[in-house]
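Summary of the model geometry
What follows is each chain in one-letter form.
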Amino acid sequence: MRDRLRGLLTWTPSMLGYAVLAATVTAYLAVYTTSLGHLPTSFDYLSLLNTSLPLIFVAIGQSLVVLTGGIDLSVGGIVSLCVAITAAASGASLPATIGWLLVVLAVGAACGAVNGLIIAKGRIAPILTTLATLSVYSGLALKVLPVPGGSVAPAVRAVLTNPNLPTGLIWLGLAVVGWLVLRRTRFGMRIYAVGSDETSARAVGVPAARVKVGVYALSGLCSGLAAVFYVSTTTAGDPNAGAPYILTSIAAVVVGGVAFSGGRGSARGAVSGALALTLVIDVLFFAGIDPLYQSLFQGLFLVVSVLLGSAALLVRRLRPRGGTS
Amino acid sequence: MTVLLERVTPGTRRIGYAFAAAVGILLVGAIVHPGFASWTSLRAMLILASFIGFVGAGQMLVVLVGGIDLSMPWVLNGAAIVLTTTSLGRTGRLVPALLAALAVGAAVGLANGLGVAWLGVPAVVMTLGMNGVLEGLSLGLSKGLTCESCASYVPDPLHRLVVGRFGGVPTEMLLWAGVALFVTVLLTLTTFGRRVYAVGNNPRAAFLAGVSVRAVTVALYTLSGVFAAVAGIALVAYGGQPSLGLGDPYLFESIAAVVVGGVSILGGRGHYIGVVAGSVTLVAIVTLLQAQRVPEYGRDVIYGLVILAILFTYGRERADD
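Computed from a prediction, not measured in an experiment: that's the story for all the values here.

**Quick notes on the overall build of chain A**
Along the backbone of chain A there are 14 helices and zero strands. Mapped in sequence order, the helices and strands of chain A form the string α-α-α-α-α-α-α-α-α-α-α-α-α-α. Since a compact globule built from 325 residues should have a radius of gyration of about 20 Å, the 20 Å found for chain A is in line with a globular shape. Along the first, second and third principal axes, the C-alpha set of chain A runs to 65 × 60 × 35 Å. Within chain A, buried positions represent 50% of all 325 residues. Put simply, 83% of the contacts in chain A that link residues at least 6 apart link residues at least 24 apart.

Here's what the structure looks like:
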């Protein structure tokens, strides 16, 4: 029992995400109540969740890539492309719409798989590969949807991001459960193995190249999901919709305690990081801070949470018998 | 001849490839679009390339030690705004305004360096965070570039200097040549340069050999910030007035110029002369696509594919097994 308690109290990387999320939720409740005089309603929570779902999905994909020691800058391009396809196909009948949504997810996964193939088989650094494919995918998005527009079938909106029913919560739950299942599979273990030490992983027979292709394909699939949820919440498409997600997904992953060296952290941390980053914007809004200063606080938030994480790690290292190793 | 061949190390070979890529694109351009390689057109391309060259200089310095500087867009933009808002278009205030703009770059670079070297924050995170900080400060303090002093122009002497010529050569190109000379001398002829490559190749070995890894890192990030500010000053001096988002294209272009120029993204290998070729290559690709009236989406797609092709030729990592 004492061991289990200590296990709970031991600092793990994802706890940075939970701690930061708890702090931002507290700040949110405080500024909301002081400025409006009552606690947030369930409607507030729901709209918050619905607006943060796209970032949550991109961040999950990004965290898988970062766990292998890589980085995916092309998420911006893939989200844009998938948003463009979703919005352009919006006039179709319901069965056709469902078909299009599946096509969108397949396109996302395929774009990601191309990244993975170039990185694993072509041996080009992830940051460079995805920088180049970002340009390609963003260009394709402009081809599909030259100007912002399109819409979404009401049925899709009702199922994905219903503004009155907590459907968003179900999708968030499914995403987290999906991750929990994934990390217990052989593929999940191999992601950590490749991220911790690729040479050793190869030596014990882990097919590192296949794992990488799979991880980038999954990241692309997550970007596709994010695009579908983006169109569903905003009810319109924009061929440049993905651009902000490049930096915010990296920030969410970092705040969520996933180590850039690879092999440490979890997608659950990234989910809390994504939620915290979205909440910060609301905190600033209710605190009455000029929205022009928004990125200043987001930047500080990013650096400070990482510093807190390293400080916590340092304290743990300095304390004898602090960790369960 | 044999002596010459022996001196062709993988590093110098990559510079050769970088120049071959630049010349290749220019040749293709000259064939499909008459007048593309004329002196007027080349001069215009070189001036556009010089702006990428400035940010590329800073980016290359941090990439050499395995780092990266994502704070460039808003350091560039911030420096440009500081230059016009402090000079108010008056010639008498030009020197303090220039110093203030450079100081912004140096201060942000120093903060980046201290965060990376002393606090152990990953370079991506530290510089990404600082980019946000600078963006917020630039937008907030200038009220979204609507403040009273925000309407001012660059002092005229600076504008005339940058668009003017000296001995028949555009001054902007002389400025770039000066930057190229400075970076090359710094990296190849000084002890500091030796230390940079030592840290880039193996920080631990460099540390054990008595190199102050932290001091080198901090110095490089500071220089990177200064070069981003130089690019901001040059851009605003050229255009006359700053705009919001002025620096946005330069983040990816700086990284692309560095790797197309044959600098290893893992650190420790590369020379600025390659980055010069890389900057010209990037501008030549875009100019050629515009000259051929390729629509915007096609430009993006082809641009990405050409960079991928270049990376496939000489930007690959060695196989692990």
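Moving on from the model shown.
**Focus on the environment of B:Arg43**
For B:Arg43, the position within the fold is in helix H3 (residues 39–64). In this structure, the C-alpha to C-alpha distance between B:Arg43 and B:Pro170, residues 127 residues apart in sequence, is 8.3 Å.

**Examining the interface of chain B and chain A**
Contact residues are listed per partner, giving 44 residues for chain B and 38 residues for chain A. Looking at the side of chain B that touches chain A, the elements with two or more residues in it are helix H6 (123–141), helix H12 (248–260) and helix H14 (296–314) of chain B. Counting residues per element, the side of chain B that touches chain A draws most heavily on H6(B), which supplies 14 residues. Split into classes, the residues belonging to the side of chain B that touches chain A amount to 25 nonpolar, 11 polar and eight charged.

**What to know about unusual backbone geometry**
All names here are of chain A. Backbone geometry places Arg-123, a non-glycine residue, at a positive phi of 55 degrees. The backbone of Thr-235 sits at a positive phi, close to 55 degrees, despite the residue not being glycine. Here Thr-235 shows up in the loop between helix H11 (208–234) and helix H12 (243–255).

**Focus on the confidence of the model for chain B**
Low pLDDT means the predicted atomic positions in that stretch should not be read closely. On average, chain B scores 86 in pLDDT, and the residues at 70 or more come to 95%. For this predicted complex, the interface score ipTM comes out at 0.84, alongside a pTM of 0.87.

**Observations regarding the packing of H12(B) against helix H13 (residues 272–291) of chain B**
All names here are of chain B. The N-to-C vectors of H12 and H13 enclose an angle of 120 degrees; their axes lie 7 Å apart at closest approach. Accordingly, the angle class assigned to the pair H12 and H13 is oblique. Here H12 runs over H13; the crossing is right-handed. Across the interface between the two elements, Glu-253, Ala-256, Ala-257, Val-258 and Val-260 from H12 touch Val-275, Gly-278, Ser-279, Thr-281 and Leu-282 from H13. Classifying every residue of the contact of H12 with H13 gives six nonpolar, three polar and one charged.

**Re helix H9 (residues 186–196) of chain A**
All names here are of chain A. Buried residues of H9: Arg-190, Ile-191, Val-194 and Gly-195, and no others. Buried residues of H9, seen end-on, are gathered within an arc of 130 degrees and therefore sit on one face of the element. The inward-facing, buried residues of H9 abut helix H3 (42–67), helix H10 (198–203) and H11.

What counts, and at which threshold
- Residues numbered from 1 in each chain as written.
- Chains lettered and ligands numbered in written order.
- Predicted model: local features only at pLDDT ≥ 70, side-chain atom pairs only at ≥ 80, totals over all residues.
- Helix = DSSP H or I, 4+ residues; strand = E, 2+ residues; numbered from the N terminus.
- Rg over C-alpha atoms; globule rule 2.2 N^0.38 Å.
- Buried ≥ 20, exposed ≤ 12 C-beta atoms within 10 Å, placed from the backbone.
- Contact = placed C-beta atoms within 7 Å.
- Nonpolar A, V, L, I, M, F, W, Y, C, P; charged D, E, K, R; others polar.
- pLDDT = per-residue confidence, 0-100.
- Axes fitted to C-alpha atoms, helices over the stretch in contact; angles between N-to-C directions.
- Parallel < 35°, antiparallel > 145°, perpendicular 65-115°, else oblique.
- Left-handed = near helix turned anticlockwise from the far one by under 90°.
- Arc of directions from axis to C-beta.

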